[in-house]
Amino acid sequence: MDRPVSHAQSYDQIRNNPKFRKLVQSRSRLAWTLSALVFGVYSLFMLIVAFAPQWLHRPLGEASLLTTGIPVGAALIVFSWLLTGWYVRSANTRFDSLSAQIIEESQP
């Protein structure tokens, strides 16, 4: 009669799977890369606000009430959305399929 596999054994089997290590490494790399990009872009924006605010106050056109700060701020928001979409797409394609393979391989 087969002995039931304990949860600890299953967890160890998953942790020792090379695909799991690859999953953790690639997910971490993507998360840190995207975080660094967002941090860098927002830091650059804050440096512009601190040291060159006149650049953000410049009107878009001769008779325009809009300044360059408005599209720059909107671009920051859109950039963050795009990076979030990139992470979600990666999670739903690469990471989920790799997770499913790992779980399938760990089944007794």
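Residues numbered from 1 in each chain as written. Predicted model: local features only at pLDDT ≥ 70, side-chain atom pairs only at ≥ 80, totals over all residues. Heavy atoms only, no water.

## Observations concerning the overall build of the protein
In step 1: Within the protein one finds four helices and zero strands.
In step 2: The N-to-C order of helical and strand elements in the protein reads α-α-α-α.
In step 3: Judged by the C-alpha coordinates and their principal axes, the protein covers about 85 × 25 × 15 Å.
In step 4: Each of the 108 residues in the protein was classed as buried or not, and the buried ones make up 19%.
In step 5: Taking the intrachain contacts of the protein between residues at least 6 apart in sequence as the baseline, contacts between residues at least 24 apart amount to 60%.
In step 6: In the structure as shown, the protein presents an accessible area of about 8400 Å², 66% of it carried by carbon and sulfur atoms. (Helix = DSSP H or I, 4+ residues; strand = E, 2+ residues; numbered from the N terminus. Buried < 20%, exposed > 50% of the residue type's maximum accessible area, 1.4 Å probe, protein only. Contact = heavy atoms within 4.5 Å. Areas by Shrake-Rupley, 256 points an atom, 1.4 Å probe, with all protein chains shown as cover.)

## As for the UniProt feature "transmembrane region" (unreviewed entry) in the protein
In step 1: Using the residue numbers shown here, the UniProt feature "transmembrane region" (unreviewed entry) corresponds to residues 30–52 and 64–88.
In step 2: Across residues 30–52, helical content stands at 96% and strand content at 0%; the span's end C-alpha atoms are separated by 32 Å.
In step 3: Secondary structure across residues 64–88 divides into 80% helix and 0% strand, with the first and last C-alpha atoms of the span separated by 38 Å. (UniProt positions renumbered as here; feature names shortened; annotations may be inferred.)

## Regarding the side chain of S26
In step 1: For S26, the location among the structural elements is in helix α2 (residues 18–51).
In step 2: Residue classification places S26 among the buried positions, given a relative accessible area of 15%.
In step 3: Of note is the side chain of S26, whose polar atom sits 3.3 Å from the backbone oxygen of L23. (Polar contact = N/O pair within 3.5 Å; in protein donor to acceptor, adjacent residues only side chain to side chain.)

## Observations concerning the nonpolar core
The nonpolar side chains of a soluble globular protein tend to be buried with one another.
In step 1: Judged by nonpolar contacts, L23, L30, L34, L83, A91, F95, L98 and I102 together constitute the single largest core of eight residues.
In step 2: Of all the elements in the fold, those that place two or more residues in this core are α2 and α4 (69–106).
In step 3: The biggest single contributor to this core is α4, with five residues. (Core = buried A, V, L, I, M, F, W, Y, C linked by side-chain atoms within 4.5 Å.)

## A short note on the packing of aromatic side chains
In step 1: On inspection of all chains with the given rule, the structure shows one aromatic pair.
In step 2: Seen in terms of ring centroids, Y87 and F95 are 6.3 Å apart; in terms of plane orientation they differ by 55°. Their pairing is tilted.
In step 3: For Y87, a relative accessible area of 28% puts it in the partly exposed group.
In step 4: For F95, a relative accessible area of 4% puts it in the buried group. (Phe/Tyr/Trp six-rings, centres within 6.5 Å; stacked < 30°, edge-to-face > 60°.)

## A short note on the environment of F39
In step 1: Within the element layout of this structure, F39 appears in helix α2.
In step 2: A residue is classified by how much of its surface remains accessible, and F39, at 62% relative accessible area, is exposed.
In step 3: Separated by 17 residues in the primary sequence, F39 and L56 have C-alpha atoms spaced 20 Å apart.

## With respect to a positive patch on the surface
In step 1: Side chains of K22, R29, R89 and R94 sit close together on the surface and give a patch of like positive charge.
In step 2: At the level of elements, α2 and α4 are the ones that each hand at least two residues to the positive patch.
In step 3: With respect to the element layout, R94 can be found in helix α4.
In step 4: Looking at R94, the relative accessible area reads 46%, which means it is partly exposed. (Patch = residues over 30% accessible without salt bridge, like charges linked within 9 Å, V, L, I, M, F, W, Y side chains within 5 Å. Salt bridge = Lys/Arg side-chain N within 4 Å of Asp/Glu carboxyl O. Lys, Arg positive; Asp, Glu negative; His and termini not counted. Charge placed at Lys NZ, Arg CZ, Asp CG, Glu CD.)

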